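The lines below spell out each chain.
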Amino acid sequence: MKADPAIQLRLLDLQALDAGLDRLVARRRGLPEFAVITERTAALSTVDDEVVGVRTELGDVTRAQRKLENEIELVRTRSARDSQRLESGAVANSRELENLQAELASLARRQGVLEDDALEKMEAVEGLEGQLATLAQRRADLQAEVDAVTTARDKTCAEIDAESARLRQDRAALAPQLPEALVALYERIRASSGGVGAAPLLRRRCQGCHLELSGGDLRAVAAAPADEVVRCEECRRILVRTPESGL
Ligand SMILES: [Zn+2]
């Protein structure tokens, strides 16, 4: 393939633009913010699950607490009624009096047990409410972090996108100035050679594979007509001769 030496040098400009674009794509993909956002969002979801669990437990305990309070109320009412009967003197029968006193004692014991239970439930409610407050704080912290990192990521992405747009614009202006066949060859090599399709020969070294050309290869490159598109014998990339090639 033939191409004017000046055109060959411009192919290196195209390569520089493509390398720049590739770097920006890699930079965008490698932004640590993405991983942080994914990790913190997963943590948020875990906190939400925990909140659901604690709320369910709190609902159960609160219902049990209400039930106990109702029972305590019933026991108190009954106890008050029995006490009233006892104090009224309406019960004269000694057997009946004994029964009434026994029932009052039993009600007092029952009330004590129920009140202990109710106290336990109240403490459990306090504990669960404390857990909810801790989880709410943790959730708020995580959300704030996700928001801050998202803002930072969006800002960096916008910068990268703007720079990419600039490079694409330059590339769109440059590529049509080069022969189509040369660009096609360059694209083909670039696709199969890690993004580098054309490299300058600098101080006898191919800047694509970074190997020094052997004496024979170097002589062949030097002898090739200036408009001949030469390829590195090692990496097969387009090798562009420059004043610094060392030929
Ligand atoms: Zn090479």
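Residues numbered from 1 in each chain as written. Predicted model: local features only at pLDDT ≥ 70, side-chain atom pairs only at ≥ 80, totals over all residues. Heavy atoms only, no water.

Undergrad: In this structure, what is going on with the environment of arginine 27? I would like to understand it.
TA: Here arginine 27 is to be found in helix H1 (residues 5–29). As a C-alpha pair, arginine 27 and cysteine 157 span 130 residues in sequence and 9.3 Å in three-dimensional space. For arginine 27, the residues in contact, after removing those within four places along its chain, are Thr156 and Ile160. (Helix = DSSP H or I, 4+ residues; strand = E, 2+ residues; numbered from the N terminus. Contact = heavy atoms within 4.5 Å.)

Undergrad: What should I look at first to understand the nonpolar core in this one?
TA: One recurring pattern in soluble globular proteins is that nonpolar side chains are buried together. The biggest cluster of nonpolar side chains holds 23 residues, and the ones touching the most others in it are Leu11, Leu14, Leu182, Tyr186, Ala198 and Ile238. Secondary-structure elements contributing two or more residues to this core are H1, helix H3 (94–174), helix H4 (180–192) and strand E4 (238–241). With six residues, the single largest contributor to this core is H1. When residues of this core are assigned to domains, at least three map to each of domain 1 (5–26 + 179–241) and domain 2 (31–174). Filtering out sequence-adjacent residues up to four positions away, leucine 14 remains in contact with Arg171, Leu174, Ala175, Leu178, Val183 and Tyr186. Leu58, Val61, Leu128 and Val146 belong to the second-largest nonpolar core, a separate cluster that totals 13 residues. (Core = buried A, V, L, I, M, F, W, Y, C linked by side-chain atoms within 4.5 Å. Buried < 20%, exposed > 50% of the residue type's maximum accessible area, 1.4 Å probe, protein only. Domains from an automatic or database assignment.)

Undergrad: What's the story with the UniProt feature "domain: C4-type zinc ribbon" (unreviewed entry) in the protein chain in this structure? I'm lost.
TA: Residues annotated in UniProt with the feature "domain: C4-type zinc ribbon" (unreviewed entry) correspond here to residues 205–239. Taken end to end, residues 205–239 has its terminal C-alpha atoms 10 Å apart, with 26% of it in helix and 17% in strand. (UniProt positions renumbered as here; feature names shortened; annotations may be inferred.)

Undergrad: Before we go on, may I ask you to explain a negative patch on the surface in this structure?
TA: Judged by side-chain charge, Asp116, Asp117, Glu120, Glu123, Glu126 and Glu129 come together as a negatively charged surface patch. With respect to the secondary-structure elements, aspartate 117 resides in helix H3. (Patch = residues over 30% accessible without salt bridge, like charges linked within 9 Å, V, L, I, M, F, W, Y side chains within 5 Å. Areas by Shrake-Rupley, 256 points an atom, 1.4 Å probe, with all protein chains shown as cover. Salt bridge = Lys/Arg side-chain N within 4 Å of Asp/Glu carboxyl O. Lys, Arg positive; Asp, Glu negative; His and termini not counted. Charge placed at Lys NZ, Arg CZ, Asp CG, Glu CD.)

Undergrad: What should I look at first to understand the side chain of arginine 190 in this one?
TA: Turning to its location among the elements, arginine 190 is positioned in helix H4. There is a polar contact of 2.8 Å between the side chain of arginine 190 and the side chain of aspartate 22. Among the polar contacts listed, one links the side chain of arginine 190 to the backbone oxygen of glycine 195, at a separation of 2.9 Å. Beyond its immediate stretch of four places on either side in the chain, arginine 190 contacts Gln15, Asp18, Asp22, Gly195, Val196 and Gly197. (Polar contact = N/O pair within 3.5 Å; in protein donor to acceptor, adjacent residues only side chain to side chain.)

Undergrad: Please explain the pattern of salt bridges as it appears in this structure.
TA: Opposite charge on two side chains permits pairing when their charged atoms draw close. Tallying each qualifying case throughout the model produces 22 salt bridges. Residue arginine 110 pairs with glutamate 71 through a salt bridge whose shortest N-O separation is 2.8 Å. Of this pair, arginine 110 sits in helix H3 while glutamate 71 sits in helix H2 (residues 32–88), placing them 39 residues apart in sequence. A relative accessible area of 39% means that arginine 110 is categorised as partly exposed. For glutamate 71, a relative accessible area of 26% corresponds to the partly exposed category. With a shortest N-O distance of 3.9 Å, glutamate 233 and arginine 236 are connected by a salt bridge.

Undergrad: Is there a simple way to explain H4 in this structure?
TA: Taking 1.5 Å of rise per residue, the 13 residues of H4 would be expected to cover 18 Å, and the 19 Å separating its terminal C-alpha atoms lies within 8% of that figure. Three or more residues of H4 are buried, namely Leu182, Val183, Leu185, Tyr186, Ile189 and Arg190. Across the axial projection of H4, the buried residues extend over an arc of 160°, all falling on one side. Facing away from the buried surface of H4 by more than 90 degrees, the exposed residues are Glu180, Arg188, Ala191 and Ser192. Packing partners of the buried residues in H4 comprise H1, H3, strand E1 (198–202), strand E3 (230–231) and E4. Just beyond H4, the residue with positive phi is glycine 194, at close to 60°. (Expected span 1.5 Å × (residues − 1). Arc of directions from axis to C-beta.)

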